[in-house]
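Results of the structural survey
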Amino acid sequence: MDCITQEKGDILSVRFPNYFRTCNFSCPYCIADLHSIDHEWKYEENYHKIIQHLVSLPFSLNVRLGPAGEFFLSKSLIKGAECLSHSKNVISVNLLTNLSFSPAQYDKFFERVNKSKIAIVASFHPTEVKDRKTWMKTACYMQEEFDFSVVLVAYPPLIKKLPVIKEALNNLGIEVAIQGLIGKYNEREYPFAYTSEEKMLLRKICYSRHDYEFWIEAKKPGLCNAGYKSIFVDIATGNVLSCGMGNAFELGNLFSGNGIKLNDGPRPCMNKTCLCDTENLNVVTFEQHYRKTGLNFHKYEYKFAEKAKEFPLLDEWEISY
């Protein structure tokens, strides 16, 4: 394989959308537009073929499987995660769920999975969750079993409720990220349409300065490790791209047998914004200021937090970012 060897200790992050669009929720702010598209999953064979290629790559991999719908509605998707979890070159597998199943059902889903490599990111959707107490109990189960976090979407009608929900989850020891709305509400394009008042509230409850800058203020990316320390795999074609946000570099094809060739370092991003919750963690500014705390791609810490206690101007909200 024509591949650039990673430096010792480096992990190649792989974002792997599988275009599975079946969902048991109907969120009004869903960016997958699940109500107006063909729900047939056409890429099951490609999905398993790509996984077999990934586990043969000469890299340590951190894989995120990102369906447009609900991951745990598909036995085939779970089977793929099982395969990845038992591969020697896979360090972690991040899965997304709306947490609409019971702990007993999740136990069944993970029956054959190597749970030590699994991280879970759950989305909490107040418009769809009818029994909040049950959802919270399931979240506590996940917190005990996995490297777990929760994401809330800053949908304008719900913004004022987010601090209460976040506090309730934090009180359970669960870390929470606030993601900006991507799309239109009342004919206004978000995240660009948040008012000053909304931004002030969101700034107070955002997980980090990084989340706020990229998800709410739509910061321009700058230098990025996409294509160098991370890749995006298109399930339809097997093409390996530097990222999935458009204007990406082609790095090879997993179906061709010729391997992939990574960039030899970070490159300037050609996009005006990077609103993807995975891709914006590849920007160099994130690497300079933050470090991951475990398997979960939504959990990390500010590198200079301890120093900032002595020197307040080093606080993440005070520095130039």
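Here goes a summary of the coordinates provided.

Thresholds, definitions, all that
Residues numbered from 1 in each chain as written. Predicted model: local features only at pLDDT ≥ 70, side-chain atom pairs only at ≥ 80, totals over all residues. Heavy atoms only, no water. Helix = DSSP H or I, 4+ residues; strand = E, 2+ residues; numbered from the N terminus. Contact = heavy atoms within 4.5 Å. Lys, Arg positive; Asp, Glu negative; His and termini not counted. Charge placed at Lys NZ, Arg CZ, Asp CG, Glu CD. Salt bridge = Lys/Arg side-chain N within 4 Å of Asp/Glu carboxyl O. Buried < 20%, exposed > 50% of the residue type's maximum accessible area, 1.4 Å probe, protein only. Axes fitted to C-alpha atoms, helices over the stretch in contact; angles between N-to-C directions. Parallel < 35°, antiparallel > 145°, perpendicular 65-115°, else oblique. Nonpolar A, V, L, I, M, F, W, Y, C, P; charged D, E, K, R; others polar.

**Structural notes on the overall build of the protein chain**
- Scanning the protein chain for helices and strands turns up 9 helices and 15 strands.
- Expressed as lengths along the three principal axes of its C-alpha atoms, the size of the protein chain is roughly 55 × 45 × 40 Å.
- The long-range share in the protein chain, meaning contacts at least 24 apart out of those at least 6 apart in sequence, stands at 73%.
- Separation of charge centres in the protein chain, based on 38 positive and 38 negative side chains, amounts to 1 Å.

**Quick word on the pattern of salt bridges**
- Summed over the entire model, instances satisfying the criterion amount to 11 salt bridges.
- As a salt-bridge pair, E82 and K79 come within 3.6 Å of each other at their nearest N and O atoms. A residue pair is termed a helical-turn pair when its members lie 3 or 4 positions apart in one helix, as E82 and K79 do in helix α2 (residues 75-85) at 3 residues.
- Between K108 and E111 there is a salt bridge; the shortest N-O distance is 3.4 Å. The burial state of K108 is the same as that of E111; both residues are exposed.

**Some words on the packing of helix α5 (residues 162-170) against helix α6 (residues 196-205)**
- Between α5 and α6, whose axes approach to 10 Å, the crossing angle comes to 5 degrees. As summarised for this structure, α5 and α6 are arranged roughly parallel, according to the angle between their axes. Contacts between α5 and α6 pair L162, P163 and K166 from the former with L201, L202 and I205 from the latter.
- When the residues that make up the contact of α5 with α6 are grouped by side-chain class, the tally is 5 nonpolar, no polar and 1 charged.

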